[in-house]
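Single-letter residue listing:
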Amino acid sequence: SSNVGSSNVLESLGYGFTNDQDTLRTHLDQANICFLHAPLFHPAMKNVVPVRRQLGVKTFFNMLGPLVNPVQPKWQLFGTYNLELSRLYQYVMQETDRHFSIVYAMDGYDEISLTGPIKWRSRNSERLLHPKELGLPIYEQEDLFGGDTAEDAKKIMLSVLNDESSPAQKDVVIANAGLAIHTIKPDTSLEDCVAEARESIESKKAINVLKKLVD
């Protein structure tokens, strides 16, 4: 229900969406990443997109979308927009054999915002996670305000990956990436996982992956 999503940003960068398996495997082989555009893998959603845009509010599809990833990945990080939904996700995911983290920022964000504590749920636990446990500071909400268009979002994304963004923008990205890494490497400390995400940006590995993907 937001104005801009990840697909809008990639499209503005020139990435072409496809459901051709050979093409996607080439992306994986060359860039180690590919993008699965939901309307191409779940054709029924094409009919829903215009209605969702007109409504401009959260719908059942905001809840369903992250659960119907066609790859069914072994490791997954979810962001939810309220506590009840994070609890429902936890119940659903506990019925699978996948490893997962589910986050909800207590001040309303569906990701780690670093504006306060987050509710963090996994297969065997749930607790509040504070920014200091990630080795990161607390920021104000206004530090995270972005634009309203895909072009605005693209500029922020590129500035983060080029290590030219504000400290708040960079830290929020590495906080979420760090928890994703920790979901895959649960025996590695949160701070070390955040450090790995930071190194990916500062060494230019991350921006080089994006360039390969778009090329």
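Refer to the structure above for everything that follows.
Residues numbered from 1 in each chain as written. Predicted model: local features only at pLDDT ≥ 70, side-chain atom pairs only at ≥ 80, totals over all residues. Heavy atoms only, no water.

Q: Before we go on, may I ask you to explain the environment of Y89 in this structure?
A: Positionally, Y89 belongs in helix 6 (residues 83-93). A relative accessible area of 2% places Y89 in the buried class. A sequence separation of 66 residues divides Y89 from T23, and the C-alpha atoms of the two residues are 31 Å apart. Not counting residues within four places of it along the chain, the set of residues in contact with Y89 comprises N62, M63, P66, L67, F78, T80 and I102. (Helix = DSSP H or I, 4+ residues; strand = E, 2+ residues; numbered from the N terminus. Buried < 20%, exposed > 50% of the residue type's maximum accessible area, 1.4 Å probe, protein only. Contact = heavy atoms within 4.5 Å.)

Q: How do you make sense of the pattern of salt bridges when you look at a structure like this?
A: Opposite charge on two side chains allows them to pair when their charged atoms are near. This model, assessed by the stated rule, comprises 11 salt bridges. K170 is the partner of E202 in a salt bridge, and the nearest nitrogen-oxygen pair spans 2.7 Å. Here K170 lies in helix 8 (residues 167-184) and E202 lies in helix 9 (residues 190-202), a separation of 32 residues in the sequence. Using a relative accessible area of 40% as the deciding quantity, one classes E202 as partly exposed. Residue K170 is classed as buried on the basis of its relative accessible area of 10%. R198 serves as the salt-bridge partner of D171, at 3.5 Å between the closest nitrogen and oxygen. (Salt bridge = Lys/Arg side-chain N within 4 Å of Asp/Glu carboxyl O.)

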